[in-house]
Amino acid sequence: MVRKVSLEGYDRSLISRVLIVLVLIFSILFYILNYDKGGPLNIKNLHGTGSIDTWLRVVFRLSCAYLAIHTALFWMVLNPVPGIMVVLFRESLEVREYPSEGFEKLGTFSSWTLILFGASMLLNGLISIGVGVGAEIPSWLVVSGVSIFATGFGSAALTALVVRHVIIPSMVENGENLDHMFKPHEHVMHNLALILLSIDLVLGGMVVLWTMMSLSLIVGALYLIFAEFWVIRGGGYYVYEFIDPRPRFAPLFLIGLMGVCLISFCIGLAISEIKEDYPLLATFAIVLFLSLSVRFRDPSTR
């Protein structure tokens, strides 16, 4: 199925690009200026006391890391079956299915979420091993683990929310086939990444700090820059129709998307704060959030 879109004579590319670069610059400055204002991290809360609680974290986190690696390599990059994406071709303004192959399958924001999820679990799993064997863990490494976790949680929350509430409803409205949205690797990127990171947040001791708030914006801005580079110098298509910077209201929409990045991060921040004094309330909040975010079944099936 091929669908044509119209720019109605508008091209807001310059404004959109300037806004994205400004968001990136200010986000980096925010992180640099507030990097050390979050206070010291309690490594025992994050990685356990070196006893069974630490090794349970090791098993959980490294299992999650393997899931991410297996998904990226064997279910995606090395899978000879082309991945089906519904993309917008820049020049022809056609929205149609496109068979992606190899590393091209990692060009979606969902794939970036998968990579952040795997990196968080791998790094924090290795740090937990260090705690388990009694090694001295540098504070900068502990902070790095928390930073990647916080970024991964924000990205996973954004991915799940956008897929469930924007992409899937849009595909249903346009009569597009949804089968490829519910394959195993899609479930890992769109659903399991957020669920498993949420478990690490509520039960594993991970935290989300306000000083890391801009990290989600940095990732979002970098992805939009990558997407623009890819469409001009690479494949010639936008993976997501709504990130085209040319339409009349594109600058506002992209800024709104950055706002959703920030909101997604703040959800993790709020739950992280609540769990300090009200762990049961935090558990209820994360379960409620997950129920409103993930989707494992085609909405058209009963």
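None of these values were measured; they are calculated from a predicted model. (Residues numbered from 1 in each chain as written. Predicted model: local features only at pLDDT ≥ 70, side-chain atom pairs only at ≥ 80, totals over all residues. Heavy atoms only, no water.)

Enquirer: Would you mind going over unusual backbone geometry in detail, with residue names and values included?
Expert: You will see that Glu 8, though not glycine, has its phi angle at about 55°, which is positive. Summarising the element assignment, Glu 8 is placed in the loop between strand 1 (3-4) and helix 1 (13-34). Residue classification places Glu 8 among the exposed positions, given a relative accessible area of 61%. Phi is positive for Leu 93, close to 55°, though the residue is something other than glycine. Among the structural elements, Leu 93 can be located in the loop between strand 2 (83-89) and strand 3 (94-100). (Helix = DSSP H or I, 4+ residues; strand = E, 2+ residues; numbered from the N terminus. Buried < 20%, exposed > 50% of the residue type's maximum accessible area, 1.4 Å probe, protein only.)

Enquirer: Just give me the short version of a nonpolar patch on the surface, but keep the residues and values in it.
Expert: A surface patch of nonpolar side chains, amounting to about 910 Å² of accessible area, comprises Leu 14, Val 18, Val 21, Leu 22, Ile 25, Phe 26, Leu 29, Leu 33, Leu 222 and Ile 225. Secondary structure elements with two or more residues in the nonpolar patch: helix 1 and helix 7 (214-233). With 8 residues, the top contributor of residues to the nonpolar patch is helix 1. By the element assignment, Val 21 lies in helix 1. Accessibility expressed as a relative area gives 38% for Val 21, which makes it partly exposed. (Patch = residues over 30% accessible without salt bridge, like charges linked within 9 Å, V, L, I, M, F, W, Y side chains within 5 Å. Areas by Shrake-Rupley, 256 points an atom, 1.4 Å probe, with all protein chains shown as cover. Salt bridge = Lys/Arg side-chain N within 4 Å of Asp/Glu carboxyl O.)

Enquirer: So what's going on with the sheet that holds strand 1? Residues and values would help.
Expert: On the basis of which strands lie adjacent, the open sheet formed by 4 strands has the order 1-3-2-4 and antiparallel pairing. Single-partner strands in this sheet number two, and they are strand 1 and strand 4 (237-238). Relative to strand 4, strand 2 runs antiparallel, the two sharing 2 bridges. In the sheet register, Phe 89 faces strand 4, and the bridge partner there is Tyr 237. (Pairing = 2+ DSSP bridges.)

Enquirer: Tell me about the side chain of His 180, and please be specific about residues and values.
Expert: Inspection of the secondary structure puts His 180 in the loop between helix 5 (139-173) and helix 6 (184-202). Excluding anything up to four places from it in sequence, His 180 contacts Ile 84, Val 86, Met 171 and Glu 186. (Contact = heavy atoms within 4.5 Å.)

Enquirer: Go over the packing of helix 5 against helix 8 (residues 250-277), please, and point to the residues and values.
Expert: When two helices pack together, their arrangement is given by the angle between the helix axes and by the axis-to-axis distance. Two numbers describe how helix 5 lies on helix 8: the axes approach to 8 Å, and their chain directions differ by 120°. It follows from the interaxial angle that helix 5 and helix 8 lie oblique. Pair helix 5 / helix 8 crosses with right-handed handedness. For the pair helix 5 and helix 8, the contacting residues are Ala 150, Phe 153, Gly 154, Ala 157, Leu 158 and Leu 161 in the first and Val 260, Cys 261, Ser 264, Phe 265, Ile 267 and Gly 268 in the second. Residues of the contact of helix 5 with helix 8, tallied by class, amount to 9 nonpolar, 3 polar and no charged. (Axes fitted to C-alpha atoms, helices over the stretch in contact; angles between N-to-C directions. Parallel < 35°, antiparallel > 145°, perpendicular 65-115°, else oblique. Left-handed = near helix turned anticlockwise from the far one by under 90°. Nonpolar A, V, L, I, M, F, W, Y, C, P; charged D, E, K, R; others polar.)

Enquirer: Provide a residue-level description of the side chain of Ser 111, including the pertinent values.
Expert: Of note, Ser 111 is situated in helix 4 (residues 109-132). Looking at Ser 111, the relative accessible area reads 0%, which means it is buried. If we skip the residues at most four places from it in the chain, Ser 111 touches Met 76, Lys 105, Leu 106 and Met 189.

Enquirer: Which residues make up the packing of aromatic side chains, and what values go with them?
Expert: Here the structure, examined in full by the defined rule, presents 14 aromatic pairs. Arranged with centres 5.9 Å apart and planes meeting at 80°, the rings of Trp 230 and Tyr 237 form a pair that is edge-to-face. The class for Trp 230 is partly exposed, based on a relative accessible area of 26%. Look at Tyr 237 and you get buried, because its relative accessible area is 1%. Each member of the aromatic cluster is reached from another via a ring pair, and the members are Phe 109, Trp 112, Tyr 223, Phe 226, Tyr 240, Phe 242 and Phe 253. It is Arg 96 that lies over the ring of Phe 89; its NZ or CZ is 4.0 Å from the centre. (Phe/Tyr/Trp six-rings, centres within 6.5 Å; stacked < 30°, edge-to-face > 60°. Lys NZ or Arg CZ within 6 Å of the ring centre and 35° of its normal.)

Enquirer: How would you explain the nonpolar core if you had to name every residue and give the values?
Expert: Among the nonpolar cores identified, the biggest contains 87 residues, and Leu 114, Phe 117, Met 181, Leu 194, Met 212 and Ile 243 are the most heavily contacted of them. At 16 residues, helix 5 tops the list of elements feeding residues into this core. Discounting chain neighbours no more than four positions away, the residues touching Phe 117 are Cys 64, Ala 68, Ala 193, Leu 196 and Leu 197. (Core = buried A, V, L, I, M, F, W, Y, C linked by side-chain atoms within 4.5 Å.)

Enquirer: Break down the confidence of the model for the protein chain for me, citing the residues and quoting the values.
Expert: Per-residue pLDDT for the protein chain has a mean of 94; in total, 99% of the residues score no lower than 70. Mean pLDDT across the elements of the protein chain ranges from a minimum in strand 1, with 90, to a maximum in helix 4, with 98. (pLDDT = per-residue confidence, 0-100.)

Enquirer: I'd love a proper account of helix 4, names of residues and values included.
Expert: Here helix 4 is 24 residues long and its end C-alpha atoms lie 34 Å apart, about the 34 Å a rise of 1.5 Å per residue gives. Counting buried positions over the 24 residues of helix 4 gives 18, a clear majority of the element. Where helix 4 ends, the next residue or the one after it, Gly 134, has phi of about 80°, a positive value. (Expected span 1.5 Å × (residues − 1).)

Enquirer: Describe the environment of Ile 20, listing the residues and the values that go with them.
Expert: When you line up the elements, Ile 20 lands in helix 1. Between the alpha carbons of Ile 20 and Val 207 there is a distance of 28 Å; along the sequence they are 187 residues apart. Once you skip the residues sitting within four places of it in the chain, Ile 20 turns out to touch Ala 221, Leu 224, Ile 225 and Leu 254.

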